Amino acid sequence: MSNNNKPWVEKYRPKVLSEVVGNEEAVARLEAIAATGNLPNVILAGPPGTGKTTSMLALARQMLGDVYNEGVLELNASDDRGIEVVRERIKMFAKKRVNVPEGAHKLVVLDEADSMTTAAQQAMRRTMEVYSNTTRFALACNNSNKIAEPIQSRCAMVRFSKLSDKHVLDRLEFVCRQENVTATAKGLEALIFTADGDMRNALNNLQSTYSGFGVVDDVSVFRVCDQPHPVVVARILTNCLDGDLEKGLQDLQTLWGQGYAAIDLIQTFFKVTRALDVPEAPKLALLKHVGFAHMRIADGAATLLQLAGLLAKISNANLKVKVRHLVDDGVDLDGGGGM
Ligand SMILES: Nc1ncnc2c1ncn2[C@@H]1O[C@H](COP(=O)(O)OP(=O)(O)OP(=O)(O)O)[C@@H](O)[C@H]1O
Ligand SMILES: [Mg+2]
């Protein structure tokens, strides 16, 4: 594949730990491990697109250097990782003699470990112990609950969390400079909004928007991401807060007519509410309503009526009055209008 059409997520995947942005504490821990080479068994856990696989591979490269090929066994969810493989391949690898650098160990990298069957995980327990003086394990997963307890107890947990908007923005700007992409400030904001702390998502959407439209502005980003424009959602919310349910319902109807799924809509409602510039107490009250609607939608009641009900609750809740009480000076929610 030529460098030109390589997906940017791969092209700009950090090669060394120092390039991984965000999650400073987790990365610092891994850096310290890489420096000494003395890796305990580790689990990297956290949300998608935050650098777990990247960090794990960088760590392996930094520790094993030239003997990466012989010294690392990489298995991910696309490989067969049933109980047979654990018994045969991992055990074979653990027995193999490799001249690793002083103080380092051979490394079994198990990506997406939460998709391994319980039986396969159980079968690893003994191997992890028996070969511990030559072989260490690094696991990555989204959900550490899905890793069997005995495995967790043998590993140090390194937690990753969603990347901050600032980190995503910096990286997006860096890639834009490298690729000569001009993106408007609103376009970048839209990418950050839709990615919600997922760097992979942000970079992929940047590339799709750029190759699809040639420009990166908010309208094209939301079109590529196929998400309701948060400005519309924010308008719905402020109208309802003003007690103008009719207006809110009209916009909602339009969005619904454009074919957005209730779950996508409610997720945007949530993100917009979270970012809304109102004092904490009414915001929490709002989030509670949104949260309940989200729960019901996730339970299957994913209808327009559900969303309309939410808007009715918001316009009825007298939240605006509470907001008014709490706004001592100058937070302008609506630019006029009243209840
Ligand atoms: N912290 C980061 N710093 C720089 N780039 C990142 C970071 N996190 C993710 N990326 C970008 O996103 C891509 C995917 O990251 P990675 O494969 O490490 O995600 P992950 O945490 O393993 O996600 P998943 O849980 O979905 O496997 C990388 O190739 C890189 O381009
Ligand atoms: Mg991964």
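Residues numbered from 1 in each chain as written. Chains lettered and ligands numbered in written order. Predicted model: local features only at pLDDT ≥ 70, side-chain atom pairs only at ≥ 80, totals over all residues. Heavy atoms only, no water.

1. Thoughts on the nonpolar core
Quick reminder of the rule: We call a set of buried residues a nonpolar core when its members are Ala, Val, Leu, Ile, Met, Phe, Trp, Tyr or Cys and they connect through side-chain atoms within 4.5 Å of each other. Only protein chains enter the accessibility calculation, which uses a 1.4 Å probe; a residue is then buried when its area is under 20% of its type maximum, exposed when over 50%, and partly exposed in between. Contacts are assigned to residue pairs that have any heavy atoms within 4.5 Å of one another.
Leu172, Leu206, Ile266 and Phe269 are the most contacted members of the largest nonpolar core, which has 48 residues in total. When near neighbours in sequence (up to four residues on either side) are disregarded, Leu172 contacts Leu188, Leu191, Ile192, Ala202, Leu203 and Leu206. Of all hydrophobic cores here, the second largest spans 27 residues; its members include Leu30, Leu39, Leu57 and Val67.

2. Quick look at the UniProt feature "domain: AAA+ ATPase" (unreviewed entry) in the protein chain
Formally: UniProt positions are given in the numbering used here, feature names are shortened, and annotations may be inferred rather than shown by experiment. We count a stretch as a helix when DSSP gives it H or I for four or more residues in a row; a strand needs E for two or more, and each element gets its number in order from the N terminus.
Within the UniProt annotation, "domain: AAA+ ATPase" (unreviewed entry) is assigned to residues 38-170. Between the end C-alpha atoms of residues 38-170 there is a gap of 32 Å, over a span that is 41% helix and 18% strand.

3. What to know about the packing of aromatic side chains
To keep it simple, the criterion reads: Classification of ring pairs uses Phe, Tyr and Trp, with its six-membered ring standing for Trp, and accepts pairs whose centres are within 6.5 Å; under 30 degrees between planes counts as stacked, over 60 as edge-to-face, and the remaining range as tilted. Working rule: Lys NZ or Arg CZ, within 6 Å of ring centre, within 35 degrees of ring normal, means a charge sits over the ring.
Scanning the entire structure with this criterion turns up three aromatic pairs. The interplanar angle of 70 degrees and the centroid separation of 6.3 Å between the aromatic rings of Phe193 and Phe222 together place this pair among those described as edge-to-face. Linking Phe193 in helix H9 (residues 185-195) with Phe222 in helix H11 (residues 218-225), this pair joins segments that are 29 residues apart in sequence. Owing to a relative accessible area of 6%, Phe222 belongs among the buried residues under this scheme. The cationic tip of Lys106 hangs over the ring face of Phe93; the distance from NZ or CZ to the ring centre is 5.3 Å. For Lys271, the ring lying beneath its charged end belongs to Phe193, and the centroid distance is 4.9 Å.

4. What to know about unusual backbone geometry
Of note in the backbone geometry, Asn23 takes a positive phi value of approximately 45 degrees without being a glycine. Topologically, Asn23 is positioned in the loop between helix H1 (8-11) and helix H2 (24-36). When its relative accessible area of 13% is taken as the criterion, Asn23 is described as buried. A positive phi angle, near 60 degrees, is found at Asn180, a position not held by glycine. Mapped onto the secondary structure, Asn180 falls in the loop between helix H8 (165-179) and H9. Given a relative accessible area of 68%, Asn180 falls into the exposed group.

5. Thoughts on the packing of helix H14 (residues 262-275) against helix H16 (residues 304-316)
Definition in use: A fitted line through C-alpha atoms serves as each axis, taken over the contacting stretch for helices, and the angle formed by two N-to-C directions is quoted from 0 to 180°. Orientation labels follow simple angle bins: below 35 degrees gives roughly parallel, above 145 gives roughly antiparallel, 65 to 115 gives roughly perpendicular, and whatever is left gives oblique. Amino acids outside the nonpolar list (Ala, Val, Leu, Ile, Met, Phe, Trp, Tyr, Cys, Pro) and the charged list (Asp, Glu, Lys, Arg) are all regarded as polar, and Gly is one of them.
Running from N to C, H14 and H16 point in directions that differ by 25 degrees, and their axes come no closer than 10 Å. Judged by the angle between their axes, H14 and H16 are roughly parallel. Contact residues: H14 offers Ala262, Leu265, Ile266 and Phe269, while H16 offers Leu307, Leu310 and Leu311. Residues of the contact of H14 with H16, tallied by class, amount to seven nonpolar, no polar and no charged.

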